[in-house]
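Observations on the three-dimensional arrangement
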Amino acid sequence: MTKQQTITPDAASAVIQQIPLDALSISDLNPRTTVSEAHIESLADSIERFGLIHNLAGFMDADGNVGIVAGGCRLRALQRIAERSQNDSFETVPVKLASSAEEAEDWASAENAAREDMAPADEIRAFGRMKARNATVPEIALAFAVTEARVYQRLALAGLPDPVLDALAAGEIGLGTAKAFTLSDDEALTLSLLDQVKGQAVSEAAIKNALHPDAIKASDRRARFVGVERYEAEGGTVTRDLFSEEIFLASPALLERLFGEALDTARNELVEAQGWAWAEARTEAWLNYYDLDQMKLERVYPIEGELTEAEAEEYDALADLANGDVLDEDGEARLSELQTILDGDYSEDQKALAGCILLVNSSGKVEVTSGLVRPDDKKAAIEAGILKAPQSTKSDVPKSPYSQKLTADMQAIRLASVQAAILTKPELVLDLLGFGLSDVSGSFERIFGMRMDRPNNAPSIEDGFEAEPRLNHGIDASEYWQQGTRVEDLRASFATYRDGTKKSRNATITEAIARTLPYQAGGQEFFALIEMEAGADIRKHWTPTAENFFSRVSASYLIELMCEFLECGSNDERVTAFAKLKKGEKAEKMENLMTDATTQKLMGLTADQKAKIDRWVPDCT
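Scope of this entry: the structure provided in the associated data block.

The next point concerns the overall build of the protein. Within the protein one finds 29 helices and 14 strands. For the protein, the residues scored as buried account for 37% of the 621 residues in total. For the protein, the share of sequence-separated contacts (at least 6 apart) that also reach a separation of at least 24 residues comes to 71%. Summing over all exposed atoms, the protein offers an accessible surface of approximately 35700 Å²; the carbon and sulfur share of this is 49%.

Here's what the structure looks like:
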């Protein structure tokens with residue numbers, strides 16, 4: 001007779017019996033069907049080390065087999081131990097047997113409902129107590145059947161003052177708030193701040209800022225440029241976040257001094273190494289080219305180099321490989337050499353009368369804008385032939401980067417956005433209608449075209465443009481006479497129309513009037529007023545793409561636009577790489593910068609820069 005056959009359920013369901021492990025299985029009544037393999041392995045290690053602390057519970061069938069309804073994870077862990085070792089300590093397992101299937105089902109429900117992980121504060125204190133008894137992290141992880149990473153995270157909080165852990169246990173602060181307090185070495189400040197944030201929805205960043213209001217992150221461009229090592233060598237103190245790689249520099253005045261010194265050193269080295277007449281160091285992160293205009297600086301450019309015929313062929317071949325992402329390191333080095341030759345260099349005559357401005361960009365790298373001629377040096381630069389004399393016949397008005405066709409398209413898009421917006425403003429429409437039909441607006445002004453045709457409100461290239469369906473009715477002005485229709489019985493048609501609801505009538509009037517709104521109705525300023533009150537937004541209906549915009553402007557304009565979007569100078573490595581692309585590739589890159597999250601991430605766009613791009617429209621509307 002086997003062990004299974006000698007076992008009978010006790011009449012009293014509270015009795016715990018030793019059941020052979022091979023007689024146990026997971027019952028269908030057990031509510032936990034999905035478990036983590038990592039958790040089972042960890043639990044098995046813990047049971048093998050410390051023993052089975054809690055018994056299992058189940059129901060025995062007529063054949064003597066027991067289905068476990070509470071303790072399924074423990075059973076799996078015991079089976080795992082039996083599979084991987086010769087440990088016979090768990091040949092039999094203590095199991096509390098239910099007297100009926102109904103009672104077993106009640107146990108299963110109660111076990112699942114009552115299951116609750118240890119609260120974070122309890123874990124922190126429990127792990128801390130074991131650590132104080134010289135237990136290792138692996139030992140603590142085994143004892144509590146958790147990962148070692150979890151232990152490290154909790155031990156990092158074990159040194160917090162008791163009131164902080166009390167507040168965490170009471171639910172007065174969250175775990176994130178407790179983590180933020182680990183940055184403080186000042187217990188008095190910690191407890192004072194704790195009293196202020198209890199029960200409040202305060203962000204971790206706000207707490208960190210309150211603990212170190214003047215601290216500067218090591219990711220700051222100034223800290224990157226100076227270097228944390230030099231900052232610390234000069235006596236600067238730092239605070240490290242235990243839960244991230246963030247480092248905070250606590251002495252901003254020292255960092256600012258070191259930044260100024262390092263920037264001045266870079267300026268002097270630039271003058272000595274390259275021989276410029278002057279160099280100016282700026283503390284801002286990027287150069288605003290409008291400032292250059294205000295300073296009345298002129299620019300001279302490097303004298304471009306020339307490649308031999310063989311070098312030109314080699315350059316084209318290497319460039320094709322680079323575009324296909326199949327160029328090796330040697331090829332990249334050679335392509336860089338050829339590109340340096342092509343880019344050329346400034347002559348000694350140019351450097352003798354020009355200078356440069358340098359700054360530290362957002363990445364903490366020095367960025368130099370060279371070849372700048374000051375107003376006092378312009379005459380000498382012209383006489384030396386490095387600057388051209390201004391032409392008296394030259395127009396002061398810069399040539400527009402937009403073609404007439406593109407301008408017309410953008411104006412049509414703007415009109416469509418205003419028309420779509422006033423669809424939701426019937427009172428504004430009626431006010432405009434009354435105004436346009438009164439003497440107040442003057443005899444020759446026409447706010448709406450009252451004929452049932454409509455002005456052009458669609459661009460010639462519809463890629464990236466989403467028309468408002470309610471504006472697609474009516475007859476295009478150019479086709480009015482060919483497609484116009486007549487109603488034979490106006491009285492019957494009018495009677496049918498009057499059978500509709502007032503809501504339908506008002507919608508018809510609003511849509512019809514909106515469709516007839518011409519571009520810049522009432523003049524530029526008045527049309528802008530309509531646009532503002534209606535809340536029109538061009539970007540709701542149009543997204544700039546390579547096809548509809550970027551391929552239709554010059555390459556130089558695209559480079560300027562990239563500088564604007566990235567808020568950087570033309571010497572930024574992202575812009576210089578962009579400038580080397582072919583015109584079509586530039587257009588595609590700009591489209592991706594507008595719409596593709598991966599491209600935006602690779603180009604290092606900030607949240608503010610993304611928001612700016614999402615709102616951007618060209619100034620030709």
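There's plenty left to go through after this.
This next bit is on the packing of aromatic side chains. If you walk through the whole model with that rule in mind, you get nine aromatic pairs. Centre to centre, the rings of F225 and F259 are 5.8 Å apart; their planes meet at 75 degrees, and the pair counts as edge-to-face. Of the two residues, F225 is situated in helix α11 (residues 221-226) and F259 in helix α13 (residues 252-274); the sequence distance between them amounts to 34 residues. By the burial criterion, F225 is buried, and F259 matches it. An angle of 85 degrees between the planes, with centres 5.5 Å apart, marks the rings of F565 and W616 as edge-to-face.

Between helix α7 (residues 162-169) and helix α9 (residues 187-197), the least distance of the axes is 10 Å, while the angle of their chain directions is 25 degrees. When the axes of α7 and α9 are compared, the pair comes out roughly parallel. Where α7 crosses over α9, the two elements pack in a sense that is left-handed. Residues P163, V164 and A167 of α7 form the contact with α9, whose own contacting residues are T190, L191 and L194. Here the contact of α7 with α9 is composed, by residue class, of five nonpolar, one polar and no charged.

Looking now at the pairing of strand β5 (residues 92-97). Residues V93, V95 and L97 point to one face of β5 and are all buried, whereas T92, P94 and K96, pointing to the other face, are not buried. With five bridges connecting them, strand β1 (residues 16-20) and β5 associate as antiparallel partners. Paired with P20 across the two strands is T92, which belongs to β5. In this structure, strand β3 (residues 56-60) lies alongside β5, joined through three bridges in parallel fashion. By the bridge assignment, G58 is partnered in β5 with L97.

The subject of this paragraph is the sheet that holds strand β6 (residues 216-217). Spatially, three strands are ordered β6-β8-β7 in an open sheet, and the strand pairing comes out antiparallel. Two strands lie at the open edges of the sheet, namely β6 and β7 (238-240), each paired on one side alone. With three bridges joining them, β7 and strand β8 (residues 247-249) adopt antiparallel strand pairing. Note on β8: the bridge partner recorded for V238 is L249.

Among the residues making up α9, those that are buried are T190, L193, L194 and V197. Looking down the long axis of α9, one finds its buried residues gathered within 110 degrees of arc, a one-sided arrangement. The exposed residues of α9 that point more than 90 degrees off its buried face are A188, D195 and Q196. Turning to α9, the residues buried within the fold contact α7, α8 (175-181) and α10 (204-211).

The next point concerns the sheet that holds strand β2 (residues 24-26). The five strands are arranged β1-β5-β3-β4-β2 in an open sheet whose pairing can be described as mixed. Both edges of this open sheet fall to β1 and β2, since each of them pairs with a single strand only. The average undirected angle you get between the axes of adjacent strands in this sheet is 50 degrees. Each of β2, β3, β4 (66-70) and β5 touches helix α2 (residues 72-84); the most contacted strand, β2, lies at about 125 degrees to it.

As a further point, take the nonpolar core. In terms of nonpolar packing, the biggest core is built from 31 residues, with F549, F550, M562, F565 and M590 touching the most fellow members. Where this core is concerned, the elements lending two or more residues are α19 (404-422), α25 (555-566), α26 (573-579) and α27 (583-595). It is α25 that provides the largest number of residues to this core, a total of seven residues. Setting aside residues no more than four positions away along its own chain, F550 makes contact with P544, T545, L558, L561, K583, A587, M590, E591 and M594. Counting 30 residues, the second-largest nonpolar core is a separate cluster that includes I216, V226, V360 and V373.

About the cut-offs
- Residues numbered from 1 in each chain as written.
- Predicted model: local features only at pLDDT ≥ 70, side-chain atom pairs only at ≥ 80, totals over all residues.
- Heavy atoms only, no water.
- Helix = DSSP H or I, 4+ residues; strand = E, 2+ residues; numbered from the N terminus.
- Buried < 20%, exposed > 50% of the residue type's maximum accessible area, 1.4 Å probe, protein only.
- Contact = heavy atoms within 4.5 Å.
- Areas by Shrake-Rupley, 256 points an atom, 1.4 Å probe, with all protein chains shown as cover.
- Phe/Tyr/Trp six-rings, centres within 6.5 Å; stacked < 30°, edge-to-face > 60°.
- Axes fitted to C-alpha atoms, helices over the stretch in contact; angles between N-to-C directions.
- Parallel < 35°, antiparallel > 145°, perpendicular 65-115°, else oblique.
- Left-handed = near helix turned anticlockwise from the far one by under 90°.
- Nonpolar A, V, L, I, M, F, W, Y, C, P; charged D, E, K, R; others polar.
- Pairing = 2+ DSSP bridges.
- Arc of directions from axis to C-beta.
- Core = buried A, V, L, I, M, F, W, Y, C linked by side-chain atoms within 4.5 Å.

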